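These are the residues of each chain, in order.
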Amino acid sequence: MATPAAPEGAVPADHRPALTVEELCFASAMSCFEGWLKMDPAIGPRTMSYVTKFISRTLEKTHNLKEVRETLSRSVEVWVWLTKSFAAALPSLTTRSIGPLQSLNDPEKGITPQESTALITKNYTSLKEDLQLLIKLMHIARNLLVVPEPEIPQDLCAAAQFDKMLYQTITLCVNVTSKAYDGDILEETARHKLSEITELYKKLLITCLQQAHNWIAKNDRNKMSFWCAVLFDDESGEEQQDAGAQFADFRPDVAKMEVQNWIERNSRMCDKARQLLLDYQQNLGSRGSPPGSLAENSVLSWNWMPHVRPRADDIGEETKITPQWKEDEQDKFEQDRLYGRVSREVDTWWLKVRDPNYDEWIISMPSVEKAHQLIEGCKLSSLNRYPHSFRNDDQEGSVHSAEEVQLPEHQGPESEVRDDRHYNLPDYNDDMIEDEDVDDDESYGEGPMSGLLTEVPNILDPKQIEALHMIVKSCILDSAGISLSRAGENLQKTRCRMFLSLECGRSLLREILVFIAVWEKSEQSLIFQLTTQIVEAIHHSALIPFAWQSLRIPKDIISPAQTVLLRLVNNMFRTRLQDPIQPGSKGHLRDIKLLQFLYIQFRTRIVPECTALMHLQAQIRNEACDPVDFPVDSWDMERAKDGLQQFLDLLMTVNEPIEWRTCLIQWEAVFDLLVLLKSLESAVPKKPMVDLPDRSAHRRPPPPHDDDREPHDYDSADPPPPPPPPPIQEHAHKFPWAGIKGQILHIIAGLLQPEAGRSGPGNPVVQKQILQHNGIISLLNCCVYDDHNRFARERVQICLKWLMDGSAEANKVLHDLVAVSPPPNLQPAPDASGLTQPVPLRVDGIAGEVKVRVKSNNAQPGSSSSSAQQQHHPSAAYQQYPPRPSSAASNESGITTNSNTSTSSSTHDHDHISSQAAPSASNSNNSNNNNTHTHQSPARVHGPAPPSALTLPSLASPLISVSPSDYERFTKAYMNALPPLHSAGAGVPDVGGHLNHPMMQAVRNHGGRPEDLFKDILTLADEAARLAIGQPPFVSPNGSGSGSGSGSRQRDAEETEEEDFM
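Residues numbered from 1 in each chain as written. Predicted model: local features only at pLDDT ≥ 70, side-chain atom pairs only at ≥ 80, totals over all residues. Heavy atoms only, no water.

S.K.: What is the right way to look at the overall build of the protein chain in this model?
M.R.: Across its full length, the protein chain holds 39 helices and 4 strands. Going through the 1062 residues of the protein chain one by one, you find that 53% of them count as buried. Of the contacts formed within the protein chain by residues at least 6 apart in sequence, a portion of 77% connects residues at least 24 apart. Working note: accessible area of the protein chain is about 48,400 Å², and carbon and sulfur atoms make up 50% of it. (Helix = DSSP H or I, 4+ residues; strand = E, 2+ residues; numbered from the N terminus. Buried < 20%, exposed > 50% of the residue type's maximum accessible area, 1.4 Å probe, protein only. Contact = heavy atoms within 4.5 Å. Areas by Shrake-Rupley, 256 points an atom, 1.4 Å probe, with all protein chains shown as cover.)

S.K.: I would appreciate a short explanation of the layout of surface pockets in the present structure.
M.R.: Here the idea is plain: a probe the size of a water molecule rolls over the atoms and shows the empty space left. When its volume is computed, the second largest pocket comes out at roughly 1,500 Å³. Every residue lining the second largest pocket is counted, 49 residues in all, and those nearest its centre are Asp-220, Trp-262, Asn-266, Ser-485 and Leu-491. For the lining of the second largest pocket, the secondary-structure elements that each account for two or more residues are helix H7 (151-159), helix H10 (220-231), helix H12 (252-265), helix H14 (332-339), helix H19 (466-476) and helix H20 (491-501). The dominant element in the lining of the second largest pocket, judged by the number of residues it contributes, is H14, at 4 residues. Along the lines of polarity and charge, the residues of the lining of the second largest pocket split into 16 nonpolar, 13 polar and 20 charged. (1 Å grid on protein atoms, 1.4 Å probe; cavity = no way out; pocket = protein on both sides within 12 Å on 5 of 7 lines; lining within 4 Å. Points joined across faces, edges and corners; volume = space filled by probe spheres on them. Nonpolar A, V, L, I, M, F, W, Y, C, P; charged D, E, K, R; others polar.)

S.K.: Is there a simple way to think about the packing of H7 against helix H13 (residues 271-285) in this case?
M.R.: Packed helix pairs are characterised by how far apart their axes lie and by the angle those axes make with each other. Packing of H7 against H13 brings their axes to within 8 Å, and their N-to-C directions diverge by 45 degrees. Classed by the angle they form, the pair H7 and H13 counts as oblique. In this structure, H7 meets H13 at a crossing whose hand is right-handed. For the pair formed by H7 and H13, the contact residues are Ile-152, Asp-155, Leu-156 and Ala-159 on the first element and Lys-272, Ala-273, Leu-276 and Leu-277 on the second. Looking at the contact of H7 with H13 residue by residue, the classes come out as 6 nonpolar, no polar and 2 charged. (Axes fitted to C-alpha atoms, helices over the stretch in contact; angles between N-to-C directions. Parallel < 35°, antiparallel > 145°, perpendicular 65-115°, else oblique. Left-handed = near helix turned anticlockwise from the far one by under 90°.)

S.K.: How should I be thinking about the pattern of salt bridges in this particular structure?
M.R.: Applying the stated rule across the entire model yields 39 salt bridges. With a closest N to O distance of 3.0 Å, Glu-149 and Lys-272 form a salt bridge. Of the two residues, Glu-149 sits in the loop between helix H6 (124-143) and H7 while Lys-272 sits in helix H13, which places them 123 residues apart along the sequence. Relative accessible area serves as the criterion here: at 42%, Lys-272 is assigned to the partly exposed category. Put simply, Asp-347 and Arg-341 hold a salt bridge, and the shortest N to O gap is 2.8 Å. Comparing Asp-347 with Arg-341 shows no difference in burial state: the two are buried. (Salt bridge = Lys/Arg side-chain N within 4 Å of Asp/Glu carboxyl O.)

S.K.: Looking at this model, I keep getting lost on the packing of helix H29 (residues 740-752) against helix H30 (residues 764-772). Mind explaining?
M.R.: Following both chains from N to C, one finds H29 and H30 inclined at 130 degrees, their axes separated by 8 Å at the closest point. Classified by the angle their axes make, H29 and H30 are oblique. When H29 is examined against H30, the residues Ile-748, Leu-751 and Leu-752 are found in contact with a partner set consisting of Val-766, Gln-767 and Ile-770. Tallied by class, the residues present in the contact of H29 with H30 amount to 5 nonpolar, 1 polar and no charged.

S.K.: Help me understand the environment of Ala-732, please; the structure alone is not making it clear to me.
M.R.: With respect to the helices, strands and loops of the structure, Ala-732 is situated in the loop between helix H28 (669-683) and H29. Sequence separation between Ala-732 and Leu-613 is 119 residues, and the spatial gap between their C-alpha atoms is 10.0 Å. The residues contacting Ala-732, other than those within four sequence positions of it, are Gln-617, Phe-630, Val-632, Asp-633, Ser-634 and Met-637.

S.K.: Just to check I follow, could you spell out helix H22 (residues 526-540) for this structure?
M.R.: Residues spaced three or four apart along an α-helix point in a common direction, a consequence of the helix completing one turn every 3.6 residues. An ideal rise of 1.5 Å per residue puts 21 Å on 15 residues; H22 measures up with 21 Å between its terminal C-alpha atoms. Counting buried residues in H22 gives 12 out of 15 residues, a clear majority hidden from the surface. For H22, the elements touching its buried residues are H19, H20, helix H21 (503-519), helix H23 (544-550), helix H24 (560-578) and helix H25 (586-621). Positive backbone phi, approximately 60 degrees, marks Ala-542, located one or two places after H22. (Expected span 1.5 Å × (residues − 1).)

S.K.: Help me understand the packing of aromatic side chains, please; the structure alone is not making it clear to me.
M.R.: One pair of aromatic rings is described through two measures. These are the centre distance and the angle between the planes. The full count for this structure, using the stated rule, is 15 aromatic pairs. Between Tyr-599 and Phe-602 the ring centres are 5.4 Å apart and the planes differ by 50 degrees, which places this aromatic pair in the tilted class. Highlighted residues: Tyr-599 and Phe-602, both in helix H25, separated by 3 residues, approximately one helical turn. Among the aromatic residues, ring-to-ring pairing joins Trp-548, Tyr-599, Phe-602, Phe-647 and Trp-667 into one connected group. One cation-aromatic arrangement involves Arg-497 over Trp-350; the distance from NZ or CZ to the ring centre is 3.7 Å. Its guanidinium or amino end placed over the ring of Trp-802, Lys-801 lies 5.7 Å from that ring's centre, counting from NZ or CZ. (Phe/Tyr/Trp six-rings, centres within 6.5 Å; stacked < 30°, edge-to-face > 60°. Lys NZ or Arg CZ within 6 Å of the ring centre and 35° of its normal.)

S.K.: Help me understand helix H26 (residues 634-654), please; the structure alone is not making it clear to me.
M.R.: For H26, spanning 21 residues, the distance from its first C-alpha to its last is 30 Å, which sits close to the expected 30 Å at 1.5 Å a residue. Extensive coverage of H26 is indicated by the burial of 15 of its 21 residues.

S.K.: Explanation requested: the side chain of His-733 in the structure shown.
M.R.: Within the element layout of this structure, His-733 appears in the loop between H28 and H29. Sequence-distant contacts of His-733, that is, excluding residues within four places in its chain, are made with Gln-617, Ile-620, Pro-627 and Phe-630.

S.K.: I'm lost on the environment of Ile-465 in this one. Help?
M.R.: Along the polypeptide, Ile-465 turns up in the loop between helix H18 (440-443) and H19. Dropping the residues within four chain positions of it, Ile-465 is found in contact with Val-456, Pro-457, Leu-460, Phe-515 and Ile-527.

S.K.: When you look at unusual backbone geometry in this model, what are you seeing that I'm missing?
M.R.: Among all residues except glycine, the phi angle is most often negative; among peptide bonds, the trans geometry is most common. In this model, Gln-161 sits at a positive phi of 60 degrees, which is unusual for a non-glycine residue. Mapping Gln-161 onto the fold places it in the loop between H7 and helix H8 (162-177).

S.K.: What should I look at first to understand the side chain of Gln-211 in this one?
M.R.: Position of Gln-211 among the secondary structure elements: in helix H9 (residues 188-216). The class of Gln-211 is buried, set by a relative accessible area of 1%. The contacts of Gln-211, once residues within four sequence positions are left out, are Trp-79, Met-138, Ala-141, Arg-142, Leu-145, Cys-157, Phe-162 and Leu-166.

S.K.: What exactly am I supposed to notice about the confidence of the model for the protein chain here?
M.R.: Caution applies to low-pLDDT parts of the model: their predicted coordinates are not meant to be read in detail. Taken as a whole, the protein chain shows an average pLDDT of 75; of its residues, 63% reach a score of 70 or greater. Below pLDDT 50 for its whole length, residues 1-14 participates in 27 contacts with residues either more than four positions away or in separate chains. Across residues 1024-1062 the pLDDT falls below 50, and counting only partners more than four positions away or on other chains, this stretch makes 62 contacts in the model. (pLDDT = per-residue confidence, 0-100.)

S.K.: What exactly am I supposed to notice about the state of the cysteines here?
M.R.: If you walk through the whole model with that rule in mind, you get 0 disulfides. Its sulfur unpaired, Cys-173 is 5.3 Å from the next cysteine sulfur, which belongs to Cys-208. Residue class for Cys-173 comes out buried when judged on its relative accessible area of 0%. Unpaired in this structure, Cys-610 has its nearest cysteine sulfur neighbour in Cys-378, at a distance of 9.1 Å. (Disulfide = S-S within 2.5 Å.)

In structure tokens:
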């Protein structure tokens, strides 16, 4: 190309425009500050006080005065002085803070933290003064970029190479603030000095990030220069080349050269900046006047040096170019120029690692059969896949240890599931077994991390780190209005691909994600919103599957960074509900493909791994396995639960739009949900609402004998007794997986709901899938109260509503559950006093069994007066019970509610216990009455129903008197509370032997009318559904509603308060 001529309007070489007062003052201050740093000439403290005053005034003017800011931003002298000042300050600061200058770019050559601490405390005074001035100078540099035409100061900043000083300053700040200083061994004065200097370095780091953000704003060349400087690390490049196929044979050295060639081809500056640079070089630079000449070895130097041959593309060419790649071209620069795009190495890598379904559907969803094989294979090898690093030495010889487990020949479904067209389905064979000496610290990325910015999230807090997230977002987010290059390339997407192709970028992404979890940021925080936009940019490049695999940690089912990524994807999908994408569009199809990938991970890794842990928990619970062989600790279980919860939250979100819900139905998501539900049922015992205490605990200890007393008395001067030890953490094998059932039932209810705009029937495809996988039993088992999963029963009611609505087969199965076996004889023979032997009953929400006595109708005349009073006033005992939501059941049961004596109740009788004691039905002075009414009203009863004479005893005496005539009368009132069922044994085909369960037989004891059971279930489910959609509760034809009197009105108010939980 021809040598470019000077731009029109350039200032003649023999004329120099006059400087403003602000420029003169600032240039004078910078000259003195450079002498202060270099000690040439020697500058005294009085002069430095004037320097500090001039710099402070300049900073104030750049904050408040637009004219001053614009004038200084277009002054080449100002930018050159800033560069020279930082160039002189950085070596001095490095020597006084972390030792030799060589340690600035090589931390391994630096000194120890203890030696660095001694240096900082020794040079505290000078460090404090210099850092305060440098912070002000960086503030000025940041402010000068906030002008109406930012491209002019951006080009001047690059020409003066202030950006290189910026990188070195960030490196110094990171090296100082990331050192693990041990403040405990320092005295108070030294600790205070160290803390103050560290905070000053943090402030300088924050200002550097803010200046970098302003420098790259809306400037593709500066963005690419910054990206090249912070991402291409020589050490990480060598490690990445050794990774091989994991990163698709990416060559970072070749990519770096191609990016640098692109920067040189796009090195043309704006005309106004070139004019200012030419004027400065001709009037000051060429004559050697302060502050000196501009750099000549820069790829930008041809803009101000006419004798330098430019290699930049002609910006006047408006024609588009077609990328051409010539393998036989020897000149790399010419080869890249013909290609036109930023980097062919990055483009080739992206084609290999992007979502395989990017162009067309190649990978299909693994079938239910393959998922079942994965689950079984994972169960068989569960003890071997995790290292037992936390086990004690005396536990290594356990008979159930992983080293002695003999695995069958076919551990996993490798022959059927492993397929090149699938997303790396896990193989639960020997390759998944971790070595005992695995270093967990390395897997979590601890220790020195590659990349200039990777350590920043570990240094700054959420308020300080916002500039870093804004830099990443500005470089990679493909927002609306982004123009393409002449080669048709979206540079934002290219930088996003560079971000994930390099180890430094992946490390920074992991730290950004973990930062949200560490600081527990909410969806409304700015950091969370910025990170969501970063994930959105990765999604636009179809690289979330690659990012997911790169964030994986072998020892975890799901790593913390993956959990946060899921949360961000869920938030991204939730915004689609408010601003939906047109169905069938490119963006909508991209979302469906991402959802498919994530669900494949859910089916092939998350569900099998979590199910395997639950299987081990069930074995330990059944005493078939030793607890010491449980392969993970509570911290690992908590991480697994967090990941599972995020997956279920994502499914709850995508379950709302009909298009995404259809995909879940086609993939038979019900199978995976029921597998988890069944595994939880067998692994975790239900937590009761209250525990019946041991009666021996209420006995008072005998008074101490005189001979047992101490020989001396203690006075007030004796030390107090030691505090109780901290609570022992629950064992990992008893991990409760709290809240998981509620999420699963919520998703199943959503899948069962009818089409939009219709009130019924339920989805027939999902109904069939639930019946096919024997899901009714799993749903009914969730009706029993579990404090780990509150309101699970209410969600089951909605599931049963849509499951039975329109499905004759589901209704038949429920009929068979009730009518297959004859009712048992639950009435033992009475004794001479008219009372039977105590009969154990299960009360929902209360641990264990409650013993009751059944009073015969032919009671002896010598029975207690309290019994007679209870027979004449049966309603008194029933005032303890909450009214039933079904008016039919309430009327048949004879339940009455008195507004003057009824206690506070709720429709969810198993979730709430009255805090008000029920009035006693007998005279309080009667000495023969041992059954007092001084505690909470009971919850739903399993087995024989609560009779009219039922009274709950005190906690010290759990014995109940029951009238046999009331067994049948009140069974229907509590029929909706089915006991836990098990699918073992004989019974109705495809249903199981749960029909012969003793509790099931007790439930069936209601006179052989199963229709009443279904009426109760459907009525209760109807009311739950009405509460969820805001309709009024069911009212019977006689107007009694779900109850009567104030009890009904009070229950309606409580139902309204609990609407959010539905």
